[in-house]
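Summary of structural features
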Amino acid sequence: MNGSPRVVIADDQALVRTGFRMILTADGIDVVAEATDGAEAVDAVRRTRPDVVLMDIRMPELDGLEATRQILTGTDHAPRVIILTTFDLDRYVYAALTAGAAGFLLKDTTPEHLVAAVRTVRSGDALLAPAITRRLVERFAHHAPDTTAAPRDLAALTPREREVLRLLAHGLNNAELADHLHLSEATVKTHVARILSKLGLRDRVQAVIAAYRTGLVSPTEPRDGTPGGALPAG
């Protein structure tokens with residue numbers, strides 16, 4: 001994508017909004033609006049059509065979870081939503097991820113990480129470390145109510161696609177998948193796109209959750225020595 005990311009910051013704490021705005025604008029990122037609650041965030045997104053929303057999960061009137069659902073429902077040009085939380089195992093974070101959020105950040109993140117996060121999700125990648133995915137799924141997957149349609153039967157996937165999904169759930173990015181499976185990155189991207197399409201999923205974050213929830217991968221399953229890193233979604 002060309003140009004600087006356009007961002008909406010939604011948080012009920014003025015100091016958080018001001019601090020994030022200063023960090024982002026200092027790096028050339030355009031903050032197009034601020035919101036103090038979820039309703040304002042939904043309105044700001046509709047007015048300004050940003051690339052990324054930094055969304056506090058706990059806000060008055062309309063919380064960040066419901067605001068995320070409204071922003072990501074019924075549009076082909078929805079922004080990428082990064083959930084902001086003070087708790088790395090907040091129950092609402094899991095629900096927000098299943099609703100389509102691109103990942104989450106703790107509010108005490110470093111300025112460098114904040115800037116990198118905005119640019120990462122704007123490019124189409126997800127922001128969720130495999131270890132955190134595992135912890136979230138292990139704690140909540142069998143207890144949290146479904147907030148999206150259940151993934152379609154994994155039987156729709158070919159054996160190769162199931163293997164790609166399994167490795168993806170362990171945190172491999174496209175380059176690592178290509179190396180592990182002896183495929184080109186273009187072929188890997190095709191497999192991932194088909195997996196998302198067949199399972200009716202928005203992105204790789206939801207694919208990882210689906211892999212755990214359907215039992216394809218267990219939270220306690222060893223990673224077989226495969227490499228891991230950030231969780232891309234492109």
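The preceding data block contains the structure.
1. Describing the nonpolar core
Generally speaking, a soluble globular protein has its nonpolar side chains buried in company with each other. Counting 28 residues, the largest nonpolar core has M55, I71, V81 and I83 as the members making the most contacts within it. At the level of elements, strand 1 (6–10), strand 2 (30–35), helix 2 (38–48), strand 3 (52–56), helix 3 (64–72), strand 4 (80–85), helix 4 (91–98) and helix 10 (204–213) are the ones that each hand at least two residues to this core. If you tally residues by element for this core, the top one is helix 4, at 5 residues. Counting residues in each nonpolar core, the second largest holds 24 residues, with L177, L181, L196 and A207 among its members.

2. Observations concerning the side chain of H191
Residue placement: H191 occurs in helix 9 (residues 185–199). H191 sits in the buried class, given a relative accessible area of 12%. Residues within four places of H191 in sequence aside, it is in contact with R160, E161, V164 and L183.

3. Details of the pattern of salt bridges
Evaluation of the coordinates by the stated rule reveals 10 salt bridges. Salt-bridge contacts for D43 lead to R47; the nearest nitrogen and oxygen are separated by 2.9 Å. Separated by 4 residues within a single helix, D43 and R47 lie in helix 2, roughly one turn from each other. According to the relative accessible area criterion, D43 is partly exposed, its value standing at 40%. R69 serves as the salt-bridge partner of E66, at 3.3 Å between the closest nitrogen and oxygen. Note that E66 and R69 are positioned in helix 3 at a spacing of 3 residues, about one turn of the helix. Each of D11, D56 and K107 takes part in salt bridges that share partners, so that together they form one network.

Cut-offs and rules
- For every chain, the first residue of the written sequence is number 1, and numbering continues from 1 onward in sequence order.
- Under the rules for a predicted model, residues below a pLDDT of 70 receive no local features and side-chain atom pairs below 80 are neither given nor counted, while totals for whole chains, interfaces and linings still include all residues.
- Side-chain calculation: all heavy atoms of the structure are included, whereas hydrogens and water are not.
- By nonpolar core is meant a set of buried Ala, Val, Leu, Ile, Met, Phe, Trp, Tyr and Cys residues that side-chain atoms within 4.5 Å join together.
- Throughout this description, buried means an accessible area under 20% of the type-specific maximum (1.4 Å probe, protein chains only), exposed means over 50%, and partly exposed covers the range between.
- Numbering of helices and strands runs from the N terminus, with a helix taken as a DSSP run of H or I at least four residues long and a strand as a DSSP run of E at least two residues long.
- Here, residues are in contact when the closest pair of their heavy atoms is within 4.5 Å.
- The term salt bridge refers to a side-chain nitrogen of Lys or Arg lying within 4 Å of a carboxyl oxygen of Asp or Glu.

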